[in-house]
Amino acid sequence: MWQQELIWFFAIFHQEFRKNNPIAFEVLMVLAVANLFGFYNPKQLADFLDVPHQKFYAELKDWSIYHVKKMLLCFMVKQAAEKLKPIMSQSAATRSRAGASLSIDNSVMDRFGKLIRCAYNGYSGRHRKVIRGQDLLGIVLTIHDIAFPIHLLFCPKQGRYHTKKADLLIFMLTQLKAEFHREGIEITQLPLTFDSGYVSQELRDRLHQLGFSKIIIAGKGSYVFTIEGQKWDASTWKKILMLEESKWGIDVPSCRTWAYSPTFGSLVLLFFRKSTTRSFYLMNFSQVSLRGAEIWHIWKRHHVVECFWKIMKSIFQIRSMHLPGDGLSTALLIKVLAYLLALRLQAEGVFSGSFRAQLTVSANPLVVVGW
């Protein structure tokens with residue numbers, strides 16, 4: 001079973017990267033598989049095998065940054081397309097029941113070294129304060145509560161031009177649209193979900209131009225809306241509006257209403273109570289008016305991207321990989337290969353008996369036991 005899944009990865013390599021060094025690719029695969037056994041960087045594996053770790057680094061340097069990024073995108077798209085094709089050929093209702101959507105979020109990985117690339121000061125939700133780290137922007141495809149990363153990109157803060165995250169996101173989605181089109185999949189048919197940090201009229205227009213029609217974004221409390229002739233900010237509306245219990249298709253107290261914003265124009269808002277003391281609201285940036293239940297079920301899948309970050313940080317120890325030179329993308333490639341390989345092995349029932357595992361993002365992050 002292990003051999004069959006490894007052959008899947010080698011088949012993609014043979015098709016896309018035949019002109020490159022196969023030994024270097026084998027090193028990548030060995031390092032990826034080693035993550036499943038608790039060896040999270042080349043030094044740990046080299047010490048276990050009693051070989052010089054410099055040999056691993058020498059082979060990894062054979063890959064150019066261009067080929068590493070191309071290989072990373074190739075593996076993620078191929079893996080996702082394999083699961084997405086049977087769903088996309090069916091009706092919109094079937095796609096909705098399968099929970100197919102694109103969740104977009106960024107995560108800061110704390111770094112303390114001053115010479116590590118792409119490490120800057122930024123806010124971390126985990127630490128709830130500004131820390132020094134690497135900001136990684138990710139697009140995750142969710143199908144049946146399983147997270148398939150389809151694009152990951154480090155967000156640099158230095159360069160010739162000041163590139164905003166919205167610009168990077170449009171670049172990533174444009175690239176994904178072309179890659180999935182080669183696989184015969186129209187990725188723009190899937191809904192998008194964002195956090196409030198991405199809210200802007202410019203981004204909304206650019207996403208519509210790109211072809212995405214269903215867009216759900218978490219709202220900010222500072223935005224002002226006019227509802228039934230009354231004008232207040234969202235934090236006030238959350239206190240005033242009466243949330244109805246047991247709405248059809250929505251398992252939390254909620255209220256769907258039309259509103260007008262001087263920034264975004266006319267749009268649909270969905271207010272909901274997440275806990276006994278905290279209420280939130282979603283902004284429907286879609287080109288069509290969505291029902292409250294549809295907005296809610298699209299947004300319920302957004303937490304999958306948060307679970308994906310937890311899996312990469314806690315289980316695969318993405319922060320433990322420090323490769324010299326242009327090794328930032330190579331390290332990311334190794335961790336993503338390990339994650340994708342774990343998904344395939346779990347789907348085939350390889351993790352059983354002494355190798356018990358649970359890969360789930362619906363309630364808890366990936367839990368691997370019995371290694």
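1. Overview of the pairing of strand S6 (residues 215–218)
Side-chain alternation along S6 places Ile215 and Ile217 on one buried face and Ile216 and Ala218 on a second face that is also buried. Alignment of strand S5 (residues 192–194) against S6, held across three bridges, turns out to be parallel. Residue leucine 192 lies in a different strand from S6, and its bridge partner there is isoleucine 215. Once the chain exits S5 it traverses helix H8 (residues 201–210) before rejoining the sheet at S6, and the crossover so formed is right-handed. Inspection of the sheet shows S6 paired to strand S11 (residues 279–284) by three bridges, in the antiparallel sense. Across the sheet, the residue bridging to isoleucine 217 is methionine 283, located in S11.

2. Thoughts on the confidence of the model for the chain
Summing up the model confidence of the chain, the mean pLDDT is 81 and the portion of residues at 70 or higher is 80%. Segment residues 352–371 is flagged for pLDDT under 50; beyond a separation of four residues in sequence, or across chains, it makes 39 contacts in the model.

3. Brief notes about the pattern of salt bridges
Evaluated as defined, the whole model comprises nine salt bridges. Across the pair aspartate 167 and arginine 206 runs a salt bridge, and its minimum N-O distance is 2.7 Å. Here aspartate 167 is found in helix H7 (residues 165–182), whereas its partner arginine 206 is found in helix H8, with 39 residues between them in sequence. A salt bridge links arginine 206 to glutamate 202; the shortest N-O distance between them is 3.7 Å. Within this pair, arginine 206 and its partner glutamate 202 are both found in helix H8, separated by four residues, close to a single helical turn. One continuous salt-bridge network, built from bridges that share partners, spans Lys78, Lys85 and Glu183.

4. Here we look at the side chain of histidine 302
Locating histidine 302 in the fold gives a position in the loop between helix H10 (292–300) and helix H11 (303–315). Reaching out from histidine 302, the side chain makes a polar contact with the side chain of aspartate 195 at a distance of 3.2 Å. Contacts of histidine 302, omitting those with residues within four sequence positions, involve Ser103, Ile104, Thr193, Phe194 and Asp195.

5. Quick word on the pairing of strand S9 (residues 254–261)
One ladder, built from eight bridges, connects S9 with strand S10 (residues 265–273); its direction is antiparallel. Residue pairing for S10: tryptophan 258 is matched across the bridge by valine 268. The antiparallel hairpin formed by S9 and S10 contains three residues in its connecting segment.

6. A word on the nonpolar core
In terms of nonpolar packing, the biggest core is built from 108 residues, with Leu84, Phe180 and Phe225 touching the most fellow members. Ignoring sequence-local partners within four residues, the contact set of phenylalanine 180 consists of Val77, Ala80, Ala81, Leu84, Ile150, Ile185 and Ile187. Counting residues in each nonpolar core, the second largest holds 14 residues, with Val268, Leu270, Leu282 and Trp296 among its members.

The rules behind these values
Residues numbered from 1 in each chain as written. Predicted model: local features only at pLDDT ≥ 70, side-chain atom pairs only at ≥ 80, totals over all residues. Heavy atoms only, no water. Buried < 20%, exposed > 50% of the residue type's maximum accessible area, 1.4 Å probe, protein only. Helix = DSSP H or I, 4+ residues; strand = E, 2+ residues; numbered from the N terminus. Pairing = 2+ DSSP bridges. Right-handed = clockwise from strand over helix to strand, strands pointing away. pLDDT = per-residue confidence, 0-100. Contact = heavy atoms within 4.5 Å. Salt bridge = Lys/Arg side-chain N within 4 Å of Asp/Glu carboxyl O. Polar contact = N/O pair within 3.5 Å; in protein donor to acceptor, adjacent residues only side chain to side chain. Core = buried A, V, L, I, M, F, W, Y, C linked by side-chain atoms within 4.5 Å.

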